[in-house]
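# Fold and geometry: a report
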Amino acid sequence: PAAPPPAPPGFTDVTLNSRNTYEVSRRRSAPEHLPHGGTAAPAPPPQEPTERARHWVGIAGAGNSFAEFFARNFFTKKSKELKPAVQSAPGWKLFGKVPPRENLPKDSKIIQQEYEARTGRMYKPPPPSARRKNIEFEPLSTTALILEDRPANLPAKSVEEALRHRQEYDEMVAEAKKREIKEAHKRKKIMRERFKQEENIASAMVIWVNEILPNWEGMRATRRVRELWWQGLPPSVRGKVWSLAVGNELNITPELYEIFLSRAKERWKSFSETSSENDTEDAGASVADREASLELIKLDISRTFPSLYIFQKGGPYHDLLHSVLGAYTCYRPDVGYVQGMSFIAAVLILNLEEADAFIAFANLLNKPCQLAFFRVDHSMMLKYFAAFEVFFEENLPKLFLHFKSYSLTPDIYLIDWIFTLYSKSLPLDLACRVWDVFCRDGEEFLFRTGLGILRLYEDILLQMDFIHIAQFLTKLPEDITSEKLFSCIAAIQMQNSNKKWAQVFASLMKDNKEGDKNHSPAPKN
């Protein structure tokens with residue numbers, strides 16, 4: 001067949017063998033398309049693949065395949081012919097051409113040689129051994145990339161920039177090393193303190209088991225035992241000492257616990273059947289209240305030490321805690337269940353057997369302070385708050401005035417501390433040590449502990465307003481340590497005008513009774 005006529009001047013011959021716009025630009029800039037007056041040879045006739053491609057387009061499906069067509073068109077030119085075009089051909093953008101790059105990116109070594117030739121200074125890189133000398137302290141993630149050369153398609157670093165990056169990297173490594181050494185020293189200090197504490201506990205346990213517990217009544221009030229008690233009870237004897245210190249004035253036996261536990265189980269069983277009827281009957285209001293108290297236990301147990309997971313549904317102590325609290329609601333229906341009881345019962349369960357935990361729980365809640373709070377006796381609670389403020393003003397006058405300026409009363413933060421005996425507000429191990437001395441000193445130590453917490457954070461609290469103080473005291477910092485807290489508690493003097501806690505509280509009770517007499521109505525004739 002005859003060759004196709006040449007394309008009109010000014011138009012580019014774009015045929016199927018043109019690979020892309022880059023190929024078109026290469027053809028237009030190639031010397032073979034220069035006019036005949038130039039030195040280049042005349043353009044060669046159209047190549048055979050173009051004619052075959054047109055023939056293939058005309059008779060699509062006549063036996064030629066896509067693979068054969070593209071193979072013939074894409075590989076007709078040798079790869080060597082493309083190399084000069086890459087350097088001289090202009091790029092393309094959406095509208096018009098991009099001028100070709102005159103200078104290719106230089107290698108970093110070439111730039112370094114040019115810099116040395118220009119300045120006369122020689123740069124000596126550090127030996128490879130020095131670069132990774134402190135690999136254990138080397139910063140992780142991408143900080144080490146600062147030492148790497150840039151990719152070839154980006155401008156290479158200058159010597160000044162490389163030196164600056166080297167210095168910055170060395171500073172980062174030194175800072176990481178310093179931080180790592182500091183953390184290592186801190187860990188070693190914690191381990192030393194822990195080993196020392198374990199040794200003290202082991203030696204104290206021998207004294208408690210062999211000397212004190214066999215002679216409890218005769219030794220419990222001695223100075224030696226009280227000092228040993230202040231340092232904290234060994235976990236192996238803690239439950240036994242708590243039981244002996246709390247006592248059993250109510251004369252509860254394990255058999256009595258089983259009786260009230262069976263009653264609680266019967267009410268739990270019948271609760272779902274009779275709850276709707278009790279809601280509609282006024283006569284059964286007290287029964288419904290007790291059953292509602294039993295149902296509240298189920299909801300509150302899941303909130304007890306949630307980080308431990310042992311009291312959650314399916315945990316090893318979930319049913320045990322449920323049983324102790326349910327038996328108590330049947331034993332003391334006048335008190336019922338109050339939020340906060342679950343934390344006290346949980347701490348006892350962690351240190352005592354089931355029946356012993358119930359006995360200690362019932363006797364502990366029968367103490368005057370706990371009974372006043374859990375029965376929500378407002379007049380008695382106000383007396384405790386008033387006594388607390390007397391010693392608050394005596395020990396921390398600046399913080400006392402700061403609280404007064406915001407009308408921040410003790411009930412805002414003390415109620416939660418007293419209801420849970422600090423087991424919710426403090427870390428569990430620290431709360432147990434507070435319980436140790438509470439069993440030794442009684443209710444006075446609960447309020448002394450509160451003053452110790454305020455003393456520990458006095459400087460922080462003086463900078464806060466009402467809202468932030470209330471939030472801070474509701475959720476105390478988790479990094480509080482027993483050494484710091486107990487040193488602050490020891491600095492609190494529970495004495496006002498030569499009156500101790502019991503005397504101050506007794507005087508407040510006496511003033512209250514005299515006030516009630518003065519305000520009593522006159523007898524009728």
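Residues numbered from 1 in each chain as written. Predicted model: local features only at pLDDT ≥ 70, side-chain atom pairs only at ≥ 80, totals over all residues. Heavy atoms only, no water.

### What to know about the overall build of the protein
Helix and strand content of the protein: 25 helices and four strands. By residue count, 36% of the 525 residues in the protein fall in the buried class. Here the contacts in the protein between residues at least 6 apart in sequence split such that 69% fall between residues at least 24 apart. When the accessible surface of the protein is totalled, it reaches about 32,800 Å², and 56% of it is carbon and sulfur. (Helix = DSSP H or I, 4+ residues; strand = E, 2+ residues; numbered from the N terminus. Buried < 20%, exposed > 50% of the residue type's maximum accessible area, 1.4 Å probe, protein only. Contact = heavy atoms within 4.5 Å. Areas by Shrake-Rupley, 256 points an atom, 1.4 Å probe, with all protein chains shown as cover.)

### Examining the UniProt feature "coiled-coil region" (unreviewed entry) in the protein
The feature "coiled-coil region" (unreviewed entry), as given by UniProt, occupies residues 159-194 in the numbering adopted here. Between the C-alpha atoms that bound residues 159-194 the distance is 52 Å, and the span itself is 100% helix and 0% strand. (UniProt positions renumbered as here; feature names shortened; annotations may be inferred.)

### Structural notes on the packing of aromatic side chains
Overall, the coordinates contain 31 aromatic pairs when judged by the stated rule. Note on Phe-447 and Trp-501: the rings are 4.7 Å apart at their centroids and 25° apart in plane angle, and the pair reads as stacked. Of this pair, Phe-447 sits in helix α21 (residues 443-456) while Trp-501 sits in helix α25 (residues 501-518), and the two are 54 residues apart along the sequence. Neither residue differs from the other here; Phe-447 and Trp-501 are each classed as buried. For Arg-433, the ring lying beneath its charged end belongs to Phe-486, and the centroid distance is 4.0 Å. (Phe/Tyr/Trp six-rings, centres within 6.5 Å; stacked < 30°, edge-to-face > 60°. Lys NZ or Arg CZ within 6 Å of the ring centre and 35° of its normal.)

### Considerations on the pattern of salt bridges
Throughout the structure, instances matching the rule amount to 11 salt bridges. Between Glu-180 and Arg-187 there is a salt bridge, and its shortest N-O distance comes to 3.8 Å. Residue Glu-180 is classed as partly exposed on the basis of its relative accessible area, which comes to 31%. Judged by its relative accessible area of 45%, Arg-187 is partly exposed. Here Asp-436 makes a salt bridge to Arg-238, at a shortest N to O gap of 2.9 Å. Within this pair, whereas Asp-436 is found in helix α20 (residues 428-441), its partner Arg-238 is found in helix α10 (residues 235-246), the two being separated by 198 residues in sequence. Take Arg-238: its relative accessible area is 10%, and that puts it in the buried class. Residues joined by salt bridges that share partners form a network here, namely Arg-226, Arg-440 and Asp-441. (Salt bridge = Lys/Arg side-chain N within 4 Å of Asp/Glu carboxyl O.)

### Re the packing of helix α7 (residues 159-212) against helix α9 (residues 223-230)
Their axes nearest at 12 Å, the elements α7 and α9 cross at an angle of 140°. For the crossing formed where α7 meets α9, the hand is left-handed. Only Arg-224, Val-225, Leu-228 and Trp-229 of α9 make contact with α7, whose side of the interface consists of Ala-204, Ile-207, Trp-208, Glu-211 and Ile-212. Among the residues forming the contact of α7 with α9, the class breakdown is seven nonpolar, no polar and two charged. (Axes fitted to C-alpha atoms, helices over the stretch in contact; angles between N-to-C directions. Left-handed = near helix turned anticlockwise from the far one by under 90°. Nonpolar A, V, L, I, M, F, W, Y, C, P; charged D, E, K, R; others polar.)

### Some details on the environment of Glu-478
Here Glu-478 lies in the loop between α23 (466-474) and α24 (482-491). A C-alpha to C-alpha distance of 6.8 Å links Glu-478 and Pro-427, two positions 51 residues apart in sequence.

### As for a positive patch on the surface
Taken together, Lys-188, Lys-189, Arg-192 and Lys-484 make up a surface patch of like positive charges. Sort the elements by how many residues they give to the positive patch and α7 lands first, with three residues. Considering the arrangement of structural elements, one finds Arg-192 in helix α7. By relative accessible area, Arg-192 is classed as exposed at 55%. (Patch = residues over 30% accessible without salt bridge, like charges linked within 9 Å, V, L, I, M, F, W, Y side chains within 5 Å. Lys, Arg positive; Asp, Glu negative; His and termini not counted. Charge placed at Lys NZ, Arg CZ, Asp CG, Glu CD.)

### Focus: the nonpolar core
One finds Trp-208 and Leu-454 to be the most contacted residues of the largest nonpolar core, which totals 110 residues. Each residue touching Leu-454, except ones within four places of it in the same chain, is listed here: Phe-388, Phe-392, Leu-396, Leu-399, Phe-403, Tyr-413, Leu-461 and Leu-473. (Core = buried A, V, L, I, M, F, W, Y, C linked by side-chain atoms within 4.5 Å.)

### What to know about the side chain of His-165
Relative to the elements of secondary structure, His-165 occurs in helix α7. Given a relative accessible area of 12%, His-165 falls into the buried group.

### Overview of the environment of Asp-441
Tracing the sequence through the fold places Asp-441 in helix α20. Among the polar contacts made by the side chain of Asp-441, one reaches the side chain of Arg-440 at a distance of 2.7 Å. (Polar contact = N/O pair within 3.5 Å; in protein donor to acceptor, adjacent residues only side chain to side chain.)

### Description of the confidence of the model for the protein
Of all residues in the protein, 66% attain a pLDDT of 70 or more, and the chain-wide mean is 77. Mean pLDDT values for the elements of the protein range from 45 in helix α4 (residues 83-88) up to 97 in helix α15 (residues 354-364). Long-range and interchain partners of residues 69-94, a stretch whose pLDDT sits below 50, account for 35 contacts in this model, where long-range means more than four residues apart. Note that pLDDT drops below 50 for residues 278-285; the model gives that stretch three contacts with residues more than four away or on any other chain. (pLDDT = per-residue confidence, 0-100.)

### Things to note about the packing of α20 against α24
Two numbers describe how α20 lies on α24: the axes approach to 10 Å, and their chain directions differ by 30°. In the packing of α20 onto α24, the handedness of the crossing is right-handed. The residues of α24 that touch α20, namely those facing Leu-430, Arg-433, Val-434 and Val-437, are Ser-482, Leu-485 and Phe-486.

### Topic: helix α18 (residues 397-405)
Residues of α18 that are buried include every one of Leu-399, Phe-400, His-402 and Phe-403, and no others. Buried residues along α18 cover an arc of 160° about the axis, so they all sit on one side. Exposed side of α18, more than 90 degrees from the buried face: Lys-398, Leu-401 and Ser-405 are the residues found there. The inward-facing, buried residues of α18 abut α17 (378-395), α19 (411-420), α21, α22 (458-461) and α23. (Arc of directions from axis to C-beta.)

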